[in-house]
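The primary structure of each chain is shown beneath.
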Amino acid sequence: MTDYPLISENAISVSEVSATIRACIDAPTFKGLEVFGEISGFKFSGPHAYFTLKDKNSQLQCVCFYAAKTYNPKDGESVIVRGSLDYWIKGGRLSLQVTDIKPVGQGLLFLEFARLKAKLESEGLFLQVHKKPIPKYAHNMLVVTSKTGAVIRDIVTTVRKKNPVINITVRDVRVQGEGAAHEIAGVLKRVDTLGYDAVIIARGGGSLEDLAPFYDEELVRAVFAMNTPVISAVGHETDFSLCDFVSDRRAPTPTAAGELVAYDYYAMVEDVKAHLRRLSGGAIRAYKVASAKAQLCFGRLKSAATTFYSGRARKVERLLNTARTQAERKFDAAASRAEKATDALDKLSPLKTLQRGYFRLQSGGETIGKISGVKAGDEITATGSDGTLRATVTDVHLNK
């Protein structure tokens, strides 16, 4: 017994389904078909051409083995192809094997985009006067793209090779299919006042139908209304969308957009270092020149000061010598006068008088200057040069 239900008696294998489809496709009805549609995503791989044939509601994968490269239909071009349906059993894929391609003019989708471009161009949306410059040294950048694609990895890798300091913000949006243009336009309106230095709208290559959101009028007008500089990086280098015409700058690829926004941080650092080295060398040289000039000026000043003060010193020395000589002369004159005064005083000294035979008379401790001051009976003291005697006055005679 098993837990799984038994296979139905009516079930058939995948191979049987594929074989049935293949048998139907091999019917004469699906041989030598002529199909009208628009070319999308035409490309060569070796000698074979691969593309999608589509109209407004559906599409069909086509392959043209050993296609002549003299005629390469453009996306949006209307053609009539001749071929037969083929079903690849191993891959489960239906395709039209084309043997001939005939152009019948431009496709409806291409013409619709052309009319919209002419309308917007007549309104002046593509004029150069409206283009805003991309900041040379952006610090905050916004990338509006799908996070699941390779585009964002290419942009981030490109930026980081040149600059490790720029802030990269990603807004995840649909970049293909119905409603993608409206979603991108809404994001642009919300981020315009958030202070970004630049906004990159990015998508990889694809068919005209794949790039249809970037031909949308709502998105084009949203880009035109932006105050923040916008870089359009949609498709490959040969792809031109209406966003490319209205944006402030077109980058041929998303990688080129990263190159455009990211300044070379490492080169700038090396330039700053080189400038600093030059400034340092210049400052050292200027210091040496100024130091040499200062030394020269100091030498001159020292020499001038030496000359000035040596002359002043000699003058001061002469003045001091003169003053000393004059002072010595005055001292000598004063000494001479003092000596003379001393001699005069010495001659006037009482001792000298006493030595000449005079006595000093005193009575009661007072000097007797006149005889009238003495009377008989007074005791007097007589001091001479060699001693003192005491006597009593016996008689006093005054001169007439």
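In this text the structure is predicted, and so the values were computed from the model without any measurement. (Residues numbered from 1 in each chain as written. Predicted model: local features only at pLDDT ≥ 70, side-chain atom pairs only at ≥ 80, totals over all residues. Heavy atoms only, no water.)

### Focus on the sheet that holds strand S6 (residues 140–145)
Taken together, the five strands give an open sheet; going across it, the order is S7-S6-S8-S9-S10, and neighbouring strands pair in parallel fashion. Where the open sheet ends on each side, the last strands, each with one partner, are strand S7 (167–172) and strand S10 (249–250). Pairing geometry for S6 and S7, over six bridges, is parallel. Counterpart to Val144 in the pairing with S7 is Arg171. (Pairing = 2+ DSSP bridges. Helix = DSSP H or I, 4+ residues; strand = E, 2+ residues; numbered from the N terminus.)

### Quick notes on the nonpolar core
If you look at the biggest cluster of nonpolar residues, it comprises 32 residues, and the most contacted ones within it are Val144, Leu188, Phe214, Leu219 and Val223. Sorting elements by how many residues they give to this core places helix H4 (residues 180–191) first, with six residues. The contact partners of Val144, leaving out residues within four places of it in the chain, are Arg171, Val173, Ile184, Val187, Leu188, Val199, Ile200, Ile201 and Ala202. One finds Val143, Val159, Ile231 and Ala257 within the second-largest nonpolar core, a separate group that totals 18 residues. (Core = buried A, V, L, I, M, F, W, Y, C linked by side-chain atoms within 4.5 Å. Buried < 20%, exposed > 50% of the residue type's maximum accessible area, 1.4 Å probe, protein only. Contact = heavy atoms within 4.5 Å.)

### Things to note about the pattern of salt bridges
By the definition in use, this model includes 12 salt bridges. The partner of Arg221 in a salt bridge is Glu217, with the nearest N and O atoms 3.1 Å apart. Pair noted here: Arg221 and Glu217 are both in helix H5 (residues 217–224), with a separation of four residues, about one helical turn. Here Arg221 falls in the partly exposed class, since its relative accessible area comes to 32%. With a relative accessible area of 25%, Glu217 lands in the partly exposed category. Salt bridges sharing partners connect three or more residues here, namely Arg22, Asp26, Lys31 and Asp86. (Salt bridge = Lys/Arg side-chain N within 4 Å of Asp/Glu carboxyl O.)

### Points about the packing of aromatic side chains
Applying the stated rule across the entire model yields six aromatic pairs. Between Phe126 and Phe245, the ring centres sit 5.7 Å apart and the planes meet at 40 degrees, which makes this aromatic pair tilted. With Phe126 in the loop between helix H2 (108–122) and S6 and Phe245 in helix H6 (residues 242–246), the pair connects residues that are 119 residues apart, well separated along the chain. Centroid distance Tyr265 to Tyr266: 5.6 Å. Interplanar angle 80 degrees. Geometry classified as edge-to-face. Taking relative accessible area as the criterion, Tyr265 reaches 26% and is therefore assigned partly exposed. (Phe/Tyr/Trp six-rings, centres within 6.5 Å; stacked < 30°, edge-to-face > 60°.)

Treat this as a map of the structure, not an account of what it does.
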